[in-house]
Every structure is written in C-alpha cells, then in structure tokens.
Amino acid sequence: MQIYKAHILFTEHSDRFEVFENGYLAVDNGIVKGVYKTLPESLRNEHVTDFGDKLLIPAMCDMHVHAPQYRNQGIAMDLELLPWLDNYTFPEESKYRDIKYAERMYRRFVRDVWRFGTMRTVAFATIHKDSTRLLMNLFNEAGMGALVGKVDMNRNSPDTLTETVEDAVRDNEELIAEFNHDGALVRPIITPRFVPSCTPEMLTACGELAKRHNLHVQSHLSENTGEIAWVSELEPDSANYGDAYNKYGLFGQTPTIMAHCVWTDGEELQLMKRNGVMVAHCPTSNFNLSSGMAPIRRFLNEGIPVGLGSDISGGHDLSIFRMMVYAIQVSKMQYQKDKSKAFLTLPEAFWIATKSAGRFFGKVGSFEPGYEFDALVIDDSQLNHDNYSLLHRIERFVYLGDDRNIVHRFCRGKEIAEPKI
Ligand code: GUN
Ligand code: FE
C-alpha cells in the first residue's frame, strides 16, 4: 500500500473539482483505494509520501496524435487538410521506412509526451510495421500507456505509403500477436487512416481484424468540408461519412474513437450516439488547418463521449493542459454565435481530458476507488505568489503552467522516469 499526501484535485463529475486540501490518497497494486481528508485508522501504520504544498491530479490522456508527424510540429500550417497531407505529411511519414530515422524521432516524441504529463496516448504510427513496433516498444520501456496503430492505407497516397490489403492484414496480425495481451499497457488499435486513403476492401479487412481480435478502432471523421465532399463521391451508397465506417464494422462495433467530427450533425451524430463512438476533439488542429469548430457542447448534451487530442502536427501543441484552454476558447467563440450553447468551464474541460477520455483505456482518469493510479504532482510555487485558493491554483497551472511544473508522474501506480532519447 502507498499513501500520498498533497492537495488532491480531480473531476469525478464534469461540473466541479473534488478538492482535498492536505488530503491523502491510498494506492494498492496500482489501483486507487480511496481519497481521504484525514487518514483512516486502518492506514495509520502505512508509510506516507508527503508532497507538501504541491497539487496531486490525474495524469493526462492524449486521444489523437500522429507520432511520425513530430518533426513537422509547429511548421507547415499554410494549407487546408488535403493539400497539407500531400505536400507536408505524406513526405514526412514516408521516411519511417527507415527504422533509424524512426528511432531518432520516436524517442524524442515519447520523451516529450512524458514531459507534458500525458500517461495515456492514442497514437497513429505509419504503414510501416517495424517502426510501429519500435514506437510500441518505446512506450513499453517508458512504462506509459498507449494504443498504437499501424496505419492502413492503399489509395490516393504516394507509392511510398501504399500497401496491399494482404500486406496490411499480415503486418497487423504480426503486431497483434506480439502485443495484444490482457492487461498490456501498450496495445494495438486498428487504424484505417480515413476513407479517402482506404478502398472498400481495405476497410472491410480492417473491420474484420477489429472484430476477430476485439480491438479498438481509430480514424478521422468529418474534419474538413473538401474531405467530406470527396468521401461522398468515393462512398455514394453511404448515408454520411460515419455511415461509411459503420458499413465496414468500424464505427462502435468495438470501442471506437474518431478524430475531429467538426462537421458531424444530423444522422451521423445520431449514429455516433447510438454506437457509443468517442470524439477526439483537437481544437488546435482545427484552427491550424482552418477546418472549423467542432460542436462539443452538442456532443456533451447528447451524451456522446469526448476526449482531447493534440493531433500533432495538424495541431502544434503536445500539452493537454493547453488543449483544455483551447477547447474552452473555441467554445466561447461558438457561444458568441449562439448563446444557447454554453461555453465549457474549466472543470468540464478537465473532466473531458481525464475521466471522460480515460474510459477508452478502462478505469483511468479519476481518483475514485478502483481507478488505475495515473497521476501528476504539480509544483506551482512560482505561480502561487499570493495565497491563491486551490481552485485558482489549478486554473493558473492549466492556463500558465508548463512541463517544468510537473515534478512527478505516475502510470498504473509506478513512478515514471524521464525516457532516454
Ligand atoms: N486525415 C487523414 N490523415 C490525417 C492526418 O494525418 N491529420 C489530420 N489532421 N487529418 C487527417
Ligand atoms: Fe489526425
């Protein structure tokens, strides 16, 4: 049993923080046993790790990120999605055939995910099996949780990023056999890039893989108006973009997350709701690629699960704390257009990034009993120069803090050291 003492904050509910000033948190075998204002009699003999005046909060979940776009972070934001893919993204991803290049970039990527306090990641790799395996091994070595997808694509892509359906299935099967074990921290996720990159045969094969191995699925949905028009040409028999995935068993038949959903509405939205498909909301990517503003309030009102994603390199920022700020800001732009759409509050954004997102991994993202202990210790002393309340301290950290304030990181109960690059 481990006992931690600190100012403990988390969002069991979306409308408020639970706050335990100088509270205690008990962890047994990586699982939260309880959070207490005073230490119960039965735990008085246990060793207490005292974090003093620091904050103890759940670690972050990044629900959508392209690890092989790491070199392009913060550059090439002058185009919309489709020409951006052709001109900047596909050439960069093509380099990951070279395992040495992949190792150099992926080590930095994993180290920086660690820096920003993200202990669970849902990542796209590339079509390349060997560099995908490398990325999975790096997450495993670090001790950080991840669902990592070998990307599947076989049309409208350069030759360097085009594979046959048979090759894609064989490579997926190999990674599945290697990594898909009960309780594994790093697991495969079926990853058709998006409908324009995958023929009906490829989408069918992906749906079958997900079903056969009961695997999670990730892709992109309704991000950009040009993309959506193209999908309706490519899939004339589908009622909408989401319905195209649904036909192939890639839309909630197993746990599914779709990035963006900027233009999701009507039948597509109802289908997501019925099928329990999660949205990865990526506000910085949606700004940078001029994609639009996703209807997050609507998704929340409908009970559609939502998490936050950095979407490097469409997005430029790996910090999920900063992603909360962007999500709040974009909701305020929408509120100005329609006052019936209440903007997000900080507890709501925090809940989306932790407990709401964390359900994709199991019991992750909260400090309620039974949750995996994924946590960060925040030293905000340089931000707390005038006796702020704990609620103002967490707000200032989210808005003003950075990786330098994160002084300990835990995933499944284990303290995670800085990964070597
Ligand atoms: N749609 C298909 N591929 C991508 C990608 O790499 N990034 C984003 N933002 N959207 C995509
Ligand atoms: Fe993406």
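In this text, all values refer to a predicted model and were calculated from it rather than measured experimentally.

**Considering the overall build of the protein**
Logical step 1: If you tally the helices and strands in the protein, you get 13 helices and 17 strands.
Logical step 2: Seen through its principal axes, the protein has C-alpha atoms that stretch 65 × 50 × 40 Å.
Logical step 3: The buried share among the 421 residues of the protein stands at 61%.
Logical step 4: Considering only contacts in the protein between residues 6 or more positions apart, those separated by 24 or more positions represent 75%.
Logical step 5: When the accessible surface of the protein is totalled, it reaches about 16300 Å², and 48% of it is carbon and sulfur.
Logical step 6: Side chains of the protein carry 45 positive and 57 negative charges; the gap between the two charge centres is 3 Å.

**Focus on the pairing of strand S12 (residues 256–260)**
Logical step 1: Burial within S12 is extensive, with five of its five residues counted as buried.
Logical step 2: Bridge count between S12 and strand S13 (residues 278–281): three bridges; the pairing is parallel. Residue Ala259 lies in a different strand from S13, and its bridge partner there is Ala280.
Logical step 3: Each parallel crossover has a hand, and for S12 linked through helix H8 (residues 266–275) to S13 it is right-handed.

**With respect to the sheet that holds strand S15 (residues 375–378)**
Two orientations exist for strands paired in a sheet by backbone hydrogen bonds: parallel and antiparallel.
Logical step 1: Read across the open sheet, the seven strands follow the order S3-S2-S1-S4-S15-S16-S17; overall the sheet is mixed. Edge positions in the sheet fall to strand S3 (31–36) and strand S17 (414–415), since each of these pairs with one other strand and no more.
Logical step 2: Bridge analysis of strand S2 (residues 16–28) against S3 gives five bridges, and the strand direction is antiparallel. Its bridge partner being in S3, Leu25 is matched across the sheet by Val35.

**Description of the site of ligand 1**
Logical step 1: Around ligand 1, 13 residues are found, and the nearest of them are His66, Gln69, Arg193, Glu223 and Asp311.
Logical step 2: Residue Arg193 places a side-chain N or O atom 2.7 Å away from an oxygen atom belonging to ligand 1.
Logical step 3: Sort the elements by how many residues they give to the shell around ligand 1 and helix H1 (residues 81–94) lands first, with three residues.
Logical step 4: Of the residues that constitute the shell around ligand 1, the class distribution is five nonpolar, five polar and three charged.

What counts, and where the lines are drawn
- Residues numbered from 1 in each chain as written.
- Chains lettered and ligands numbered in written order.
- Predicted model: local features only at pLDDT ≥ 70, side-chain atom pairs only at ≥ 80, totals over all residues.
- Heavy atoms only, no water.
- Helix = DSSP H or I, 4+ residues; strand = E, 2+ residues; numbered from the N terminus.
- Buried < 20%, exposed > 50% of the residue type's maximum accessible area, 1.4 Å probe, protein only.
- Contact = heavy atoms within 4.5 Å.
- Areas by Shrake-Rupley, 256 points an atom, 1.4 Å probe, with all protein chains shown as cover.
- Lys, Arg positive; Asp, Glu negative; His and termini not counted.
- Charge placed at Lys NZ, Arg CZ, Asp CG, Glu CD.
- Pairing = 2+ DSSP bridges.
- Right-handed = clockwise from strand over helix to strand, strands pointing away.
- Near = heavy atom within 4 Å.
- Polar contact = N/O pair within 3.5 Å; in protein donor to acceptor, adjacent residues only side chain to side chain.
- Nonpolar A, V, L, I, M, F, W, Y, C, P; charged D, E, K, R; others polar.

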